[in-house]
Amino acid sequence: FEKQMVKDSNLADQIETTLSIVYLGGQTVDLWFVTFEELEMFYNTAVMLLSTYDQMKNSILPEVILLHQFWLDFAGRRGNLELLKVKSIFAQINVKVTYSEIYSMARHLPSFDEKKGLSISECAYIIYLVKARNNRILGEKPPITELWNNLQQLDAASSNNEEDLKKETNTKSKKSVMSASKFRWFMVKVQLESNLSMKDAKDIIFYFNSMCGRERNGADFIDKETFELYLTSTVNDAFDPDKSLTESCDMTQPLSSYWINSSHNTYLKGCQFASKASVNMYIDALDRGCRCLEIDCWDNVAPETEPVVTHGYTLTSTILFVDVIHAINFFVQCNPETYPVILSIEDHCSSPSKDIMAMHMKNIFQDSLYVINENVEELPSPEIMRGKVVIKGKRPQNISYDDDRDDTVKGRKVKINSSNEKLSKLNLSFENDDDEDESYDKCDKNLGNLV
């Protein structure tokens with residue numbers, strides 16, 4: 001989820017008490033609170049729940065997580081399953097065990113009843129038994145256990161702080177915890193975090209000790225379970241987040257000099273043939289970093305009504321063009337420093353619908369709308385166009401917009417009138433556009449990120 005905060009904006013009064021929860025599938029739940037204090041209480045509670053969930057997820061075998069997903073399909077939330085179905089599920093989640101082995105392990109469970117079958121917690125316990133047995137047979141140790149044992153064998157020469165090593169040795173079980181100095185040595189020598197200071201190391205230890213309820217270890221020691229939680233958390237991500245900062249890139253070149261994070265058929269929640277269209281997909285794409293969104297525009301079924309966005313000649317549902325524009329404008333107003341948002345218009349509309357589209361984009365985007373200067377020789381830079389909305393599309397070829405008249409394009413007779421002219425003046429044309437956008441728009445020169 002994301003908390004939207006806006007300052008010095010006309011929307012500040014409404015937005016400072018709103019919060020959106022964005023699910024992985026693109027669905028969103030938008031919440032409005034009466035007071036800012038209520039929002040803060042809800043937000044902090046949700047952050048705590050997510051943190052607890054991440055902690056539990058990292059301490060559970062992946063096979064048990066998969067078991068939970070399959071269990072809902074087979075038995076619902078509370079049902080039991082007979083042993084044959086349990087064996088079938090185990091085969092699908094790559095737990096290699098025979099029927100007789102399942103029965104042998106299950107009959108030692110205190111609550112086992114062969115007629116009722118096994119519960120999900122009993123199956124999870126059997127998975128742990130199978131994994132432990134396989135490790136004993138193969139003589140293998142879990143990688144983190146092996147790493148932990150190797151770190152415990154380091155001598156004082158590996159540490160910068162002999163005092164910490166003495167404290168570590170004097171604990172009740174000297175192999176149950178690792179000192180902050182040894183943890184920093186691991187981070188610098190093994191993980192190659194050369195800029196990590198002792199203060200940084202202690203901050204990491206304190207954060208994860210607090211998360212795991214091990215405040216007694218403070219910032220000086222970390223035990224094996226907490227160390228494992230750190231290694232499998234996003235804090236230990238292999239990708240350096242500093243590398244993603246666009247401020248370090250040169251964003252003063254023409255817009256056509258950059259790779260642009262783009263989205264195809266942005267409005268669809270699923271396949272291109274029969275899925276639902278949703279305005280929320282545009283906000284989801286923008287939140288994920290996309291800055292080129294596709295809008296397929298068609299006439300509404302009813303004449304002289306609002307144009308719609310849909311995938312033509314398919315079974316996909318429709319959404320109103322004006323709703324899409326409102327959603328994009330809301331994002332731009334909430335993020336006034338964003339690099340330009342490019343709307344790739346695939347226009348299948350009649351002249352009256354074009355007139356309506358042009359009216360909506362002018363009235364809703366207002367000053368945020370970039371209107372191209374016909375005399376300009378190159379496109380402005382992303383830096384100059386922060387907070388702007390750019391319209392990208394194809395102009396009909398060999399057509400003059402001077403007056404209302406009929407003309408012929410590719411053998412078809414078309415009506416040229418003022419509505420075409422209005423939409424054309426908003427149009428930023430890219431040469432040699434394909435009928436359908438690719439995942440990324442490749443442009444001429446230096447590479448950069450427009451995120």
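As the structure is a prediction and not an experimental result, all values here were calculated from the model.

K.L.:
How should the pattern of salt bridges be read in this particular structure?
P.N.:
If charged atoms from side chains of opposite charge come close, those side chains can pair. Counted according to the given criterion, the structure contains six salt bridges. Among the ionic pairs, Glu228 bridges to Lys224, the shortest N-O distance being 3.9 Å. Here Glu228 and its partner Lys224 are both found in helix 11 (residues 224–231), four residues apart, which amounts to about one turn of the helix. Residue Asp347 is joined to Lys354 by a salt bridge in which the shortest nitrogen-to-oxygen separation is 3.4 Å. Given a relative accessible area of 15%, Lys354 falls into the buried group.

K.L.:
How should unusual backbone geometry be read in this particular structure?
P.N.:
Leaving glycine aside, a negative phi is the common case for residues, and trans is the common case for peptide bonds. You will see that Asn94, though not glycine, has its phi angle at about 65°, which is positive. The residue Asn94 is located in the loop between helix 4 (83–92) and helix 5 (99–106) in this model.

K.L.:
Looking at this structure, I do not really get the packing of helix 9 (residues 180–190) against helix 10 (residues 198–211). What am I missing?
P.N.:
Two numbers describe a pair of packed helices, the interaxial angle and the distance between the axes. Where helix 9 contacts helix 10, the axes come no closer than 9 Å and their chain directions differ by 105°. Between helix 9 and helix 10, the angle falls in the class roughly perpendicular. In contact with Ala180, Ser181, Phe183 and Arg184 of helix 9, helix 10 contributes Met198, Ala201, Lys202, Ile204 and Ile205.

K.L.:
What's the story with the state of the cysteines in this structure? I'm lost.
P.N.:
Chemically, a disulfide is nothing more than a covalent bond linking the sulfur atoms of two cysteines. All told, the structure shown has zero disulfides when counted by the stated rule. In this structure Cys349 is not part of a disulfide, and its nearest cysteine sulfur, from Cys297, lies 5.3 Å away.

K.L.:
Can you walk me through the side chain of Asn265 in this structure?
P.N.:
Within the element layout of this structure, Asn265 appears in the loop between strand 6 (259–261) and helix 12 (280–287). Residue class for Asn265 comes out buried when judged on its relative accessible area of 6%. Asn265 has contacts with Gln272, Glu294, Asp296 and His311, leaving out every residue within four places of it along the chain.

K.L.:
Even after reading the chapter, I still don't get the packing of aromatic side chains, so can you show me in this structure?
P.N.:
By the definition in use, this model includes nine aromatic pairs. Aromatic side chains Phe183 and Tyr230 sit 5.6 Å apart centroid to centroid with 70° between the ring planes, which places their arrangement in the edge-to-face category. Of this pair, Phe183 sits in helix 9 while Tyr230 sits in helix 11, and the two are 47 residues apart along the sequence. Grouping residues by exposure puts Phe183 and Tyr230 together as buried. When the centroid spacing of 5.1 Å and the interplanar angle of 90° are considered together, the rings of Tyr207 and Phe208 count as edge-to-face. Of the aromatic side chains, those joined through ring pairs into one cluster are Trp148, Phe183, Phe186, Tyr207, Phe208, Phe227 and Tyr230.

K.L.:
Is there a simple way to think about the nonpolar core in this case?
P.N.:
When a protein is soluble and globular, its nonpolar side chains tend to lie buried together. Grouped together as the largest cluster of nonpolar side chains are 30 residues, with contacts concentrated most on Tyr282, Leu293, Ile295, Phe321, Ile328 and Leu343. Broken down by secondary-structure element, the contributors of at least two residues to this core are helix 12, strand 7 (292–298), helix 13 (321–334), strand 10 (341–347), helix 14 (351–365) and strand 11 (389–392). Per element, the largest residue contribution to this core is seven residues, and it comes from helix 13. In this structure Tyr282 touches Thr266, Tyr267, Leu293, Glu294, Ile295, Val309, Ile319, Val324 and Ile328, once residues within four positions along its chain are discounted.

K.L.:
It is not clear to me how the confidence of the model for the chain should be interpreted in this structure. Could you clarify?
P.N.:
Interpretation of this model should avoid reading the predicted coordinates in detail wherever pLDDT is low. Of all residues in the chain, 71% have pLDDT values of 70 or greater, and the mean over the chain is 76. Counted against residues more than four places away or in other chains, residues 1–12, with its pLDDT under 50, gives 22 contacts.

K.L.:
Help me out: how do you make sense of the pairing of strand 11 in this one?
P.N.:
Consecutive side chains of a regular strand alternate in pointing toward one face of the sheet and then the other. Residue alternation in strand 11 divides its side chains into two sets, Val389 and Ile391 and Val390 and Lys392, and both sets are buried. Relative to strand 11, strand 10 is paired through four bridges, and the arrangement is parallel. Opposite Val341, over in strand 11, you have Val389 as the bridge partner. Between the parallel pair strand 10 and strand 11, the chain is carried across by helix 14, and the sense of this crossover is right-handed.

K.L.:
Teacher, can you tell me more about the packing of helix 7 (residues 143–152) against helix 11 here?
P.N.:
Across the interface, helix 7 lies against helix 11 with an axial gap of 11 Å and an inter-helix angle of 120°. Overall, the two elements helix 7 and helix 11 adopt an arrangement that is oblique. Like other packed secondary-structure pairs, helix 7 and helix 11 cross with a definite hand, here right-handed. Of the residues in helix 11, those touching helix 7 at Ile144, Thr145, Leu147, Trp148 and Leu151 are Lys224, Phe227, Glu228 and Leu231.

K.L.:
Whenever I open this one, the pairing of strand 10 confuses me. Can you help?
P.N.:
Summarising burial for strand 10: five of the seven residues are buried, a large majority. Two strands pair when backbone bridges link them, and strand 7 and strand 10 are joined in this way by six bridges, in the parallel orientation. Of the residues in strand 10, the one forming a bridge with Cys292 is Ile342.

Conventions adopted
Residues numbered from 1 in each chain as written. Predicted model: local features only at pLDDT ≥ 70, side-chain atom pairs only at ≥ 80, totals over all residues. Heavy atoms only, no water. Salt bridge = Lys/Arg side-chain N within 4 Å of Asp/Glu carboxyl O. Helix = DSSP H or I, 4+ residues; strand = E, 2+ residues; numbered from the N terminus. Buried < 20%, exposed > 50% of the residue type's maximum accessible area, 1.4 Å probe, protein only. Axes fitted to C-alpha atoms, helices over the stretch in contact; angles between N-to-C directions. Parallel < 35°, antiparallel > 145°, perpendicular 65-115°, else oblique. Contact = heavy atoms within 4.5 Å. Disulfide = S-S within 2.5 Å. Phe/Tyr/Trp six-rings, centres within 6.5 Å; stacked < 30°, edge-to-face > 60°. Core = buried A, V, L, I, M, F, W, Y, C linked by side-chain atoms within 4.5 Å. pLDDT = per-residue confidence, 0-100. Pairing = 2+ DSSP bridges. Right-handed = clockwise from strand over helix to strand, strands pointing away. Left-handed = near helix turned anticlockwise from the far one by under 90°.

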